[in-house]
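# Tertiary structure, described
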Amino acid sequence: MKPPVSTIMFALCMGTALTFGTIAVGAEKIPASSIPAEYLVQPASLAATLQSTSGPPPLVLQVGFRKLFDEAHIVAAEYVGEADESEGLAALRERVAKLPKDSAIVIYCGCCPWKKCPNMGAAFAALQKLGFLNVKALYIAKDFGTDWIDKGYPVTKGG
């Protein structure tokens, strides 16, 4: 049973996510595969960029699950929240609100295989909609453990 229109309108005004059937109101359900290839960065490339001293590193934001971030995350990454939830998208918007639109930003999740990730597409779309011009999405084909940790790229453990 669908909620009344007044409930949907209230949820939209409050930025709340309501899910019923296949319809999502609030948090956007956008697949990671919708991110164009030119905006993807491979793990080896990001690891090299983060280890380079030839310029300021990008802001790295984890847009997935807190438990994953707490277990291990990219060195200097910040946790903003699950981008498939309204609260996570709001935290993402708040974190970047005062940044210049040309800021280098890399988002990542790594919760599951890229084609099943519920967070990357929504985070990328939100940053694009806000007008950020230098956003990259870390392409994690399988999961963070396999594609980052097992490759020996630097991590920090704990939240």
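Residues numbered from 1 in each chain as written. Predicted model: local features only at pLDDT ≥ 70, side-chain atom pairs only at ≥ 80, totals over all residues. Heavy atoms only, no water.

To continue, consider the overall build of the protein. When you go through the protein residue by residue, the secondary structure sums to six helices and nine strands. Expressed as a percentage of contacts within the protein between residues at least 6 apart in sequence, the contacts between residues at least 24 apart total 66%. (Helix = DSSP H or I, 4+ residues; strand = E, 2+ residues; numbered from the N terminus. Contact = heavy atoms within 4.5 Å.)

Count 3.6 residues to each turn of an α-helix, and residues three or four apart come out pointing the same way. For helix H2 (residues 43-51), the full list of buried residues reads Pro43, Leu46 and Ala47. The buried side chains of H2 occupy one side of the element, clustering within an arc of 100° when seen end-on. (Buried < 20%, exposed > 50% of the residue type's maximum accessible area, 1.4 Å probe, protein only. Arc of directions from axis to C-beta.)

Before going further, it helps to spend a moment on the confidence of the model for the protein. Predicted confidence across the protein gives a mean pLDDT of 86, with 82% of residues reaching 70 or more. Residue range residues 1-26 is modelled with pLDDT below 50. Its contacts to residues more than four positions away, or to other chains, number 27 contacts. (pLDDT = per-residue confidence, 0-100.)

Tracing the sequence through the fold places Ala137 in strand E8 (residues 134-138). Taking the relative accessible area as the measure of exposure, Ala137 reaches 0% and is therefore buried. For the pair formed by Ala137 and Gln42, sequence separation is 95 residues and the distance between their alpha carbons is 8.6 Å. Apart from residues lying up to four places away in sequence, Ala137 is in contact with Ile35, Tyr39, Leu40, Val41, Ile107, Trp114 and Met120.

This brings us to empty space enclosed by the protein. Across all of its chains, the model carries one cavity of 30 Å³ or more by this definition. Space inside the largest cavity adds up to approximately 40 Å³. Taken together, Cys109, Gly110, Cys112, Trp114, Cys117, Met120, Leu138 and Ile140 make up the full set of residues lining the largest cavity. Looking at the lining of the largest cavity residue by residue, the classes come out as seven nonpolar, one polar and no charged. (1 Å grid on protein atoms, 1.4 Å probe; cavity = no way out; pocket = protein on both sides within 12 Å on 5 of 7 lines; lining within 4 Å. Points joined across faces, edges and corners; volume = space filled by probe spheres on them. Nonpolar A, V, L, I, M, F, W, Y, C, P; charged D, E, K, R; others polar.)

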